[in-house]
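So the chains spell out like this:
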Amino acid sequence: MYLPRHFEAPDLQQIHQLIEDHPLGALVTLGPDGLDANHIPFLLDRNDGPHDRLIAHVARANSVWRNACDGAEVLVIFRGEDAYISPNWYPSKQEMHRQVPTWNYRVAHVHGKLTVRDDERFVRGVVARLMRKHEAAVNGERAWKMGDAPADYIDGLLAHIIGLEIAITRIEAKWKLGQNRDGRDRASAAQALEDRGERAIASAMREKKD
């Protein structure tokens with residue numbers, strides 16, 4: 001990924017937060033038929049052994065777990081908020097007319113080594129953790145639980161699922177939030193985005209001061 005120094009992510013904690021806030025990752029693998037990408041919700045396990053790791057599951061019918069062998073190098077892309085930036089939002093445009101459109105965004109590229117986990121205990125644990133996390137965020141105390149469905153029904157579904165584990169070896173992250181603009185241009189663009197209802201990217205631009 002092209003990553004000028006002024007667009008580098010501030011710290012690992014904020015990168016982890018982006019992954020947890022936007023858990024649907026694009027898993028990129030290289031198999032016998034070339035590059036492949038699968039969009040999968042991941043869980044981030046911090047400080048699990050010598051490396052952090054990502055865990056997930058896919059349908060047994062998905063060929064990704066057969067085509068990407070154990071130990072294969074893989075890439076998972078996590079995208080945060082993004083937005084088109086019009087030069088008309090910059091006060092300096094009215095003075096110099098030397099600005100062009102751009103796109104602001106936050107993104108993390110997680111590199112790691114894949115392990116396929118075809119065992120029921122691991123798969124059940126991943127499914128349960130994903131459900132607990134996301135059901136709690138949506139439904140609070142009324143969160144759906146695996147125990148709400150018949151045990152034989154859940155067992156049947158789990159038999160059609162394969163677990164994935166990725167030992168993280170490297171993370172690159174880019175916070176392209178107008179750091180190369182002067183303060184008034186960035187503030188004006190952030191306000192224009194907020195007025196359009198794009199509050200998340202506007203807030204990120206305001207928080208990133210340099």
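Asker: Describe the overall build of the protein, naming the residues involved and giving the relevant values.
Answerer: Across its full length, the protein holds seven helices and seven strands. For the C-alpha atoms alone, the extent of the protein along its principal axes is close to 70 × 45 × 30 Å. Expressed as a percentage of the 210 residues in the protein, the buried residues total 42%. Taking as baseline every contact in the protein between residues at least 6 positions apart, the subset at least 24 positions apart corresponds to 74%. Total accessible area on the protein stands at roughly 11800 Å², and carbon and sulfur atoms take up 51% of it. The centroid of the 29 positive side-chain charges in the protein is displaced by 5 Å from the centroid of its 31 negative side-chain charges.

Asker: Pulling in residues and values, what's your account of the pairing of strand E4 (residues 53–59)?
Answerer: Taken residue by residue, a regular strand's side chains alternate between the two faces of the sheet. The buried fraction of E4 amounts to five of the seven residues, a majority that puts the element mostly inside the structure. Inspection of the sheet shows strand E3 (residues 43–45) paired to E4 by three bridges, in the antiparallel sense. In the sheet register, Leu43 faces E4, and the bridge partner there is Ile55. The pairing of E4 with strand E7 (residues 161–176) spans seven bridges and is antiparallel. By the bridge assignment, Ile55 is partnered in E7 with Glu165.

Asker: Please provide a residue-by-residue account of the packing of helix H4 (residues 120–139) against helix H5 (residues 151–158), values included.
Answerer: Close contact between H4 and H5 brings their axes to 10 Å; oriented N to C, the two are set at 110°. When the interaxial angle is binned, H4 and H5 end up roughly perpendicular. Touching Glu120, Val123, Arg124 and Val127 of H4 are Ile154, Asp155 and Leu158, all from H5. Partitioning the contact of H4 with H5 into residue classes produces four nonpolar, no polar and three charged.

Asker: Tell me what's going on with the sheet that holds strand E5 (residues 73–85), and back it up with residues and numbers.
Answerer: Strands sit in the order E2-E1-E5-E6-E7-E4-E3 across an open sheet of seven strands; the sheet is antiparallel. Of all strands in the sheet, those with a lone pairing partner are strand E2 (34–41) and E3, marking the two edges. The sheet shows a mean angle of 35° between the axes of neighbouring strands, direction not considered. Note that strand E1 (residues 24–31) and E2 share eight bridges and pair antiparallel. Bridging from a neighbouring strand, Leu30 pairs with Leu35 of E2. Its contacts with the sheet place H4 against E2, E3, E4, strand E6 (102–117) and E7, and it is angled at close to 100° to E4.

Asker: Please provide a residue-by-residue account of the packing of aromatic side chains, values included.
Answerer: Inspection of every chain in the model, using the stated rule, returns two aromatic pairs. When the centroid spacing of 5.9 Å and the interplanar angle of 75° are considered together, the rings of Phe42 and Phe78 count as edge-to-face. Here Phe42 is found in the loop between E2 and E3, whereas its partner Phe78 is found in strand E5, with 36 residues between them in sequence. The two residues Phe42 and Phe78 agree in class, both being buried. A centroid spacing of 5.9 Å and a plane angle of 70° characterise the contact between Tyr84 and Trp103, whose relative ring orientation is edge-to-face. With Tyr84 in strand E5 and Trp103 in strand E6, the pair connects residues that are 19 residues apart, well separated along the chain.

Scoring rules and cut-offs
Residues numbered from 1 in each chain as written. Predicted model: local features only at pLDDT ≥ 70, side-chain atom pairs only at ≥ 80, totals over all residues. Heavy atoms only, no water. Helix = DSSP H or I, 4+ residues; strand = E, 2+ residues; numbered from the N terminus. Buried < 20%, exposed > 50% of the residue type's maximum accessible area, 1.4 Å probe, protein only. Contact = heavy atoms within 4.5 Å. Areas by Shrake-Rupley, 256 points an atom, 1.4 Å probe, with all protein chains shown as cover. Lys, Arg positive; Asp, Glu negative; His and termini not counted. Charge placed at Lys NZ, Arg CZ, Asp CG, Glu CD. Pairing = 2+ DSSP bridges. Axes fitted to C-alpha atoms, helices over the stretch in contact; angles between N-to-C directions. Parallel < 35°, antiparallel > 145°, perpendicular 65-115°, else oblique. Nonpolar A, V, L, I, M, F, W, Y, C, P; charged D, E, K, R; others polar. Phe/Tyr/Trp six-rings, centres within 6.5 Å; stacked < 30°, edge-to-face > 60°.

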